[in-house]
Structures are given as structure tokens and as C-alpha cells.
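Coordinate analysis (summary)
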Amino acid sequence: MTSAVVLGLSIAMLVLLLVAYLATTRQEKRGKTVHSAGTLPQPQPAPVEEPASPLAVPGAGRAGSDYPDPRTIRVGDSVEYQGVRARVLGAIYFSWQGKEWTHYLLDDGTHRQQWLSVAEQGGVAGGDSSVLEVKLWTTVPTQGMVPAKSMLIMEGVEFFPIERGTAAFRSEGMTGRPDRGLLDFADYRADDGRLLSFERVQGQPWTASYASPLPPGSIQIDRRKG
């Protein structure tokens, strides 16, 4: 075989290999193009928001909220609650085992005797806020009853003891109590949440009252002038 023939065959083989390579490369590109066109971007799911943690609602009973602070009530002020307007005749300041609270004697123009109690409880763990407990107390006849250390029945309702002790107090204004002294108390709660409290200044008979909780923000204060 002559050199010319061998050279011609070699060139022909190179051409065939080049054509096969180009055909293969073009086919791969076409496959990639089809795959890319047929693969649409998948929509990403919207981020799931975690439910918000319960937050303290302004006016829900924390000291420093934007309502008149019941702890600032003074003798001679007028207060309004549940559509009733009353004058503060006197106040009794109590202390017992590191706790302090105040009872305000109210005069709403009727012959019933009512007291408004304001007590500051400890704040939520890890926080500085304190919680105010405000209750409206209405005197009920005891008919000679004395507070028992176990369950007692008042007007057909069973009340169970929750706390009792002897608190020191001082009075201001018209309260019907001595200027200073000691007061025995015994608190009870019914299954439906009703509260009952017995109190007596040492040396005097027991008195009893029912309590109705009030939201601190529901009390309006009209300051005494002068």
C-alpha cells in the first residue's frame, strides 16, 4: 500500500471521529436544554409563623399600666366602679408577714357598708412587674358565727379555709376602728370562686364580708381638691 493511500485513509478516519464527536456533543447539549426547560422552579413554602406568646395586656392589673393606680387612693377622694360613685371615708393599712394591703371604707349614699381592698402581689417570675388585686367587700351578717378551721357553710354555700392570721394595722379617717391595733382574719373560698373573710379587731366581735374581684383599670379616681 502506497504512502498516499495510507495518508488518505488516516485523514478519512480523523474526519469520521470528528463528526462522531460533534454529533455526540450536540446531542448532550440538546438533552440538557430539554431538561432545563422542563424543570420549573418549585415554589418555596411560605415560612410558618410561630404563634405569638401571650403578652401582658395594658390595664390587666400590673403596676405601672396606663390607668389610675388604685394604690394612690386617698381619704377624701371619690371613686367610680361598676357605675357606682362613692366617697372614700377612711383607710386601714395592714401588714402581715411581709405583705401589705389597704382597705378603703366607701360611702355610696346607701346604708350598706362596703370596703375596697387593694393588695400588691409579687411579679411574674423573672420580671419586675407586680400585680394588683382589687376587691370590693360587702358586709354580711354573721349571726354570731365564728371562723372555723375547717369548712363552714354561709347562706347555704360551703366555704373552705385558705389563709388566716393576725395583721397589724393603722387607721386614717373614718373607719370605726382604733388608730392602731391588731386584727385577726380568716379567709375562705367556695368551689365557685366566691370569697368570704372574717375579721375582728382583737377584743371585738367577728364581722364577715363577701368579696367581688374588680379589674384595677375599671376604677376611676376623682382626687380630693385642696
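Nothing here was measured: the structure is a model prediction, and the numbers come from that model. (Residues numbered from 1 in each chain as written. Predicted model: local features only at pLDDT ≥ 70, side-chain atom pairs only at ≥ 80, totals over all residues. Heavy atoms only, no water.)

**Some remarks on the pattern of salt bridges**
Two side chains of opposite charge can pair, provided their charged atoms sit close to one another. As a reminder of what qualifies: Just to be clear on terms, a salt bridge is a Lys or Arg side-chain nitrogen sitting within 4 Å of an Asp or Glu carboxyl oxygen. To qualify as a helix, a DSSP run of H or I must reach at least 4 residues; to qualify as a strand, a run of E must reach at least 2; elements of each kind are numbered from the N terminus.
Under the counting rule described, the total for this entry stands at 11 salt bridges. A salt bridge links Glu80 to Arg85; the shortest N-O distance between them is 3.8 Å. Of the charged contacts in the structure, one is a salt bridge between Asp222 and Arg85, with a shortest N-O distance of 2.6 Å. Of this pair, Asp222 sits in strand 11 (residues 220–222) while Arg85 sits in strand 2 (residues 84–96), and the two are 137 residues apart along the sequence. Each of the salt bridges in this network shares a partner with another, and the network as a whole consists of Asp69, Arg71 and Glu120.

**As for the confidence of the model for the protein**
Quick note on the threshold: Each residue gets a pLDDT score, which is the predictor's confidence in that residue and runs from 0 to 100. A contact between two residues is defined here by any heavy atoms of the two lying within 4.5 Å.
Of the residues in the protein, 67% reach a pLDDT of 70 or more, and the chain-wide mean stands at 77. Note that pLDDT drops below 50 for residues 29–64; the model gives that stretch 18 contacts with residues more than four away or on any other chain.

**Side note on the pairing of strand 10 (residues 207–214)**
The criterion, for reference: Any two strands with at least two DSSP-identified bridges between them are counted as paired.
Relative to strand 10, strand 5 (residues 131–140) runs antiparallel, the two being bridged by seven bridges. Paired with Trp137 across the strands is Ala211, a residue of strand 10. The pairing of strand 9 (residues 195–201) with strand 10 spans five bridges and is classified as antiparallel. Counted as the bridge partner of Phe198 is Ala208 from strand 10.

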